[in-house]
Amino acid sequence: MTNTHFGFQSVEEQEKAGRVKGVFDSVAPKYDLMNDLMSAGMHRAWKAYTVMVANVKPGQRVLDIAGGTGDLALAFASKVGVAGTVVHTDINEAMLREGRNRLLDRGVSLPTVVCDGERLPFADGYFDLVTVAFGLRNMTHKDNALLEMNRVLKPGGKLLVLEFSKIAKPLEKVYDWYSFKVLPRLGKWVANDDSSYQYLAESIRMHPGQQELKTMMHKGGFGHVDYHNMSGGVVALHVGIKC
Ligand code: SAM
């Protein structure tokens, strides 16, 4: 029996995906509103930067893993045009349904697939770009997930991992206060759910920092890996190129 972490708790590996599912089943209806409130809208800028770095061209094939309510998938859909493909995926049906409905309201219909980022149902070397925004942190076997992301990319293809990371030292105290005192209260007030936002704060602390994730991506088969800190390291965008 192997244990892993679910926030600060130690749980059996096979238990983690179910616990993560509980979090996103609970937050799905209020996910977008909470994202705007808790980041003061900054998640939009982090995602816009990700889309800029992706530099997607018309006709390309893009896979968005853990795509949730579809911010990235929506942005990429207009870039690849009618000749390209964006596949919007998530392990959680409730999140994916929110995303699909949101995209349909904007007149965008994409292939939508419920799937686990650790076991992708796609052929080797199919995609030009794979993205995962704020999803890798929740996966049980991050190393397997990175290998899978590498497998489905074409040689020369790009992986973008947008994720919470290690904040700069001088900002730590105020960030801890915000994460553990304000965030769960905001979650309770807006979504009637403090524990999911307590999990968010804890899971960020348990996630590999910038250098560690860079090393993991190298081990996952990415020849060139770089990262860009944003908002003082609150989040980092890791860019990996498949050799
Ligand atoms: N990418 C979206 C965004 O940036 O707004 C959603 C991010 S949300 C914080 C994290 C998402 O990861 C959830 O929708 C959750 O269901 C998904 N997720 C968690 N574990 C996953 C897994 N093993 N495979 C695929 N998606 C997963």
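This text follows the structure it describes.
Reading the values: the criteria
For every chain, the first residue of the written sequence is number 1, and numbering continues from 1 along that sequence. With the structure being a predicted model, the display of local features is reserved for residues of pLDDT at least 70 and the display and counting of side-chain atom pairs for 80 or more, all residues being used for whole-chain, interface and lining totals. Calculation of side-chain values draws on the structure's entire complement of heavy atoms; hydrogens and water are dropped beforehand. Note on terminology: near, applied to a residue and a molecule or strand, indicates that one of the residue's heavy atoms is within 4 Å of it. Residues adjacent in sequence count toward polar contacts only when both atoms are side-chain atoms; beyond that, a polar contact is any pair of N or O atoms within 3.5 Å, and within protein one must be able to donate a hydrogen and the other to accept it. Calculation of accessible area relied on Shrake-Rupley with a 1.4 Å probe; when residues are assessed, cover is drawn exclusively from the protein chains displayed. Helix numbering and strand numbering both begin at the N terminus, where a helix is a DSSP run of H or I of at least 4 residues and a strand a DSSP run of E of at least 2. Only Asp, Glu, Lys and Arg are considered charged in this grouping, and only Ala, Val, Leu, Ile, Met, Phe, Trp, Tyr, Cys and Pro are considered nonpolar; every other residue, Gly among them, is considered polar. Cavities and pockets are found on a 1 Å grid laid over the protein atoms alone: a cavity is a set of points where a 1.4 Å probe fits but cannot escape, a pocket is an open set with protein on both sides within 12 Å along at least five of seven lines, and a lining residue has an atom within 4 Å of such a point. Grid points are joined across faces, edges and corners, and a volume is the space filled by probe spheres set on the points. Exposed residues in this analysis have more than 50% of their type's maximum accessible area, buried residues have under 20%, and partly exposed residues fall in between, with area computed by a 1.4 Å probe over protein chains only. Of all possible arcs, the one meant is that of the directions from the helix axis to the C-beta atoms. Two residues qualify as a contact provided that any one of their heavy atoms is within 4.5 Å of a heavy atom in the partner residue. Aromatic contacts are taken between Phe, Tyr and Trp rings whose centres are within 6.5 Å, Trp giving its six-membered ring; a plane angle under 30 degrees counts as stacked, one over 60 as edge-to-face, and the others as tilted. For a ring to carry a charge above it, either NZ of a lysine or CZ of an arginine must fall within 6 Å of the ring centroid while also lying within 35 degrees of the normal to the ring plane.

> An account of the site of the ligand is needed here, citing residue identities and associated values.
Taken together, the neighbourhood of the ligand is formed by 20 residues, with Ala66, Asp90, Asp116, Gly117 and Ala133 sitting nearest. Measuring from an oxygen atom of the ligand, one finds a side-chain N or O atom of tyrosine 31 at 2.9 Å. At 2.9 Å, a side-chain N or O of aspartate 116 approaches a nitrogen atom of the ligand. The protein chains hide 96% of the 600 Å² of surface that the ligand would expose on its own. Counting residues per element, the ones that place at least two in the shell around the ligand are helix 1 (13-27) and helix 2 (31-38). Residue classes in the shell around the ligand are distributed as 10 nonpolar, 7 polar and 3 charged.

> If you had to explain the layout of surface pockets to someone new, which residues and values would you point to?
Approximately 190 Å³ is the volume attributed to the second largest pocket. Taken together, Asp32, Asp36, His43, Arg44, Lys47, Ala48, Val51, Asp71, Leu72, Ala75, Arg102 and Arg106 form the lining of the second largest pocket. The set of elements that each furnish at least two residues to the lining of the second largest pocket consists of helix 2, helix 3 (42-54) and helix 4 (71-80). Examining the composition of the lining of the second largest pocket, we find that 5 residues originate from one element, helix 3, more than from any other.

> Account for helix 2, naming residues and giving values.
Buried within helix 2 we find Tyr31, Met34, Asn35 and Met38. Along helix 2, the residues classed as buried sweep out an arc of 105° about the axis, all on the same side. Each element contacted by the buried residues of helix 2 is listed here: helix 1, helix 3, helix 5 (93-105), helix 7 (172-191) and helix 8 (195-206). Remark: alanine 40 follows helix 2 within two positions and exhibits a positive phi of approximately 50°.

> Talk me through the packing of aromatic side chains; I want residue IDs and the actual numbers.
Here the structure, examined in full by the defined rule, presents 7 aromatic pairs. Summarising the aromatic geometry, the rings of phenylalanine 6 and tyrosine 199 are spaced 4.4 Å apart at their centres and angled 15° between planes, so their arrangement reads as stacked. Here phenylalanine 6 is found in strand 1 (residues 3-6), whereas its partner tyrosine 199 is found in helix 8, with 193 residues between them in sequence. Of the two residues, phenylalanine 6 and tyrosine 199, both sit in the buried class. Between phenylalanine 134 and phenylalanine 164, the ring centres sit 4.8 Å apart and the planes meet at 45°, which makes this aromatic pair tilted. Of this pair, phenylalanine 134 sits in the loop between strand 6 (127-133) and helix 6 (142-152) while phenylalanine 164 sits in strand 7 (residues 153-164), and the two are 30 residues apart along the sequence. For the residue pair phenylalanine 134 and phenylalanine 164, the accessibility class agrees, reading buried in each case. Each member of the aromatic cluster is reached from another via a ring pair, and the members are Trp46, Phe134 and Phe164. Its guanidinium or amino end placed over the ring of tyrosine 126, arginine 61 lies 3.9 Å from that ring's centre, counting from NZ or CZ.

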